[in-house]
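Chain by chain, the residues:
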Amino acid sequence: MKKTPYAELLAMLSRHRGVVGSFVVSERDGLAVDSNVQIGVHSDAVAALAASLHRKARLACGAAGSGTVTFLRLDAERGGICAAGRDDLVLVTISEARANLGLLRVEMMRAAKALT
Amino acid sequence: MADEIRRLSDDLARDPSSLVFMPLADALRRAGQLDVAMRVALRGLDRHPYVADAHDVLARIHADRGDLEQAADEWEMALRLDPTHAQASLGLGFVDFRRGNLESAERRLSAAGDADMPGVATALAHVRAALGSRSGNGATHDPVAPNVASMPPVAEPRMPPPPMPEIARLAIPEIPAPQPARAKQLFTTALDGAEQNALLVDADGLVLAGMYTDPTGTDVAEVVAAELAGVSSEAERAMRHLGLGAWTSLLVEADEAVVAMTPAPLGSLLVVASSRETPVGLVRLLLDRALTRARDWLARVS
């Protein structure tokens, strides 16, 4: 399989403690452009849902005059999802509770700027 | 006064569902702590919306803040719940007097009934003198300037009122419907500043309670709610796919705002937004506070 321009970026994010997967997804159709996930993670379904959540957040913030969404974090009892987007692409990570979310946030926002 | 407030606060902390919030709010009002008094009164009214005395206390706080319109609304509500509520009649008489409606003020004060009640006789005498002055010399009477301070906005509080027995609650002939204005203001006292918004949205993206304004002050609650329709179910599905447990919060950072969301009862979604300068930890704290308010309110209206 041919490597996409995001393979290195995703591999770097997946090396973070507690991160079990990362992918780049199109916000428009919810399809994963590239992914780096551990076995057993339902990446396609999660990618589509993460893209939809990002889209809703973007539209709501637009309607409220709050500007562009820079980062999104969905927390659950044992982990969560982080997302940072640019244009139509959204960078998503899935993490367990032990992940360092502060560090992950900084890395993702920096990486999202490079999405094209 | 400080001892009284401390004692009442302790009592309320021991039993948050008690009616002790009324004497506490009134003591805070008399001590000049109007913002805190307002919070205590509103929180108490969330639990006891049909207690006339509670509306009377809130009306006094509004009056002390100079908001006569809101004060009149609350006193009218108190009278709807208890048509013999003398303090509410007296309060409305005060409002009428301040607005220059001297005839109406006279009627209200007379309706307060007990001329021996502290303040009533003085207030009546003052209003009648003003009426006489108006009809006697034809001069325009300024209803606000003369000795308004001598007319107490309400008589000394008869606090604490007796707890409302359940039978009396049943005897209320007509339970007021949920008030749209109150639903809009549901989170006002749970927030920390004017630049914050809180909104309760149902599963279909319709506004249940709260307000959301954009930086220009335009009401955008309905459109924001519509855009967020389905967020709760999508978050739930994502977490189910991942086996990470129930979702607890969704935090969105934007250029100009931090928006926090959390699932609320009946499949609804609670949204709290604040300016970008607000620390994220504080936004989450406000979200927790607003969630408590939303839960109580939904339990009551649903």
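Structural notes, computed from the coordinates. As the structure is a computational prediction, the values presented were derived from the model and not from experiment.

## Concerning the overall build of chain A
(1) Moving on: In terms of regular secondary structure, chain A is built from three helices and five strands.
(2) Moving on: The secondary structure elements of chain A, listed N-terminal to C-terminal, are α-β-β-α-β-β-β-α.
(3) Moving on: Sorting the 116 residues of chain A into buried and exposed places 46% on the buried side.
(4) Moving on: Sequence separation of at least 24 residues holds for 49% of the intrachain contacts in chain A that already meet a minimum separation of 6.

## Some thoughts on the overall build of chain B
(1) Moving on: Helix and strand content of chain B: 13 helices and five strands.
(2) Moving on: Expressed as a percentage of its 302 residues, the buried residues of chain B come to 42%.
(3) Moving on: When contacts within chain B are restricted to residue pairs at least 6 apart in sequence, long-range pairs at least 24 apart make up 50% of them.

## Here we look at the interface of chain A and chain B
Frequently, the measure chosen for interface size is the accessible area that the parts lose on association.
(1) Moving on: Across the contact, 33 residues belong to chain A and 33 residues belong to chain B.
(2) Moving on: Elements with a minimum of two residues in the side of chain A that touches chain B: α2 (43-63), β3 (69-76) and β4 (79-86) of chain A.
(3) Moving on: Broken down by class, the residue content of the side of chain A that touches chain B amounts to 19 nonpolar, nine polar and five charged.
(4) Moving on: Pairing analysis gives seven bridges linking β3 of chain A to strand β3 (residues 247-254) of chain B, with the strands arranged antiparallel. Opposite L72 of chain A, over in β3 of chain B, you have V252 of chain B as the bridge partner.

## What to know about the packing of helix α1 (residues 2-14) of chain B against helix α2 (residues 21-30) of chain B
All names here are of chain B.
(1) Moving on: Put simply, α1 and α2 touch, their axes get as near as 9 Å, and they point 150° apart. Put simply, α1 runs roughly antiparallel to α2. The handedness of the crossing between α1 and α2 is left-handed. Where α1 approaches α2, its residues E4, I5, L8, S9 and L12 are matched on the opposing element by F21, P23, L24, A27 and L28.
(2) Moving on: Taken together, the residues of the contact of α1 with α2 break down into eight nonpolar, one polar and one charged.

Scoring rules and cut-offs
Residues numbered from 1 in each chain as written. Chains lettered and ligands numbered in written order. Predicted model: local features only at pLDDT ≥ 70, side-chain atom pairs only at ≥ 80, totals over all residues. Helix = DSSP H or I, 4+ residues; strand = E, 2+ residues; numbered from the N terminus. Buried ≥ 20, exposed ≤ 12 C-beta atoms within 10 Å, placed from the backbone. Contact = placed C-beta atoms within 7 Å. Nonpolar A, V, L, I, M, F, W, Y, C, P; charged D, E, K, R; others polar. Pairing = 2+ DSSP bridges. Axes fitted to C-alpha atoms, helices over the stretch in contact; angles between N-to-C directions. Parallel < 35°, antiparallel > 145°, perpendicular 65-115°, else oblique. Left-handed = near helix turned anticlockwise from the far one by under 90°.

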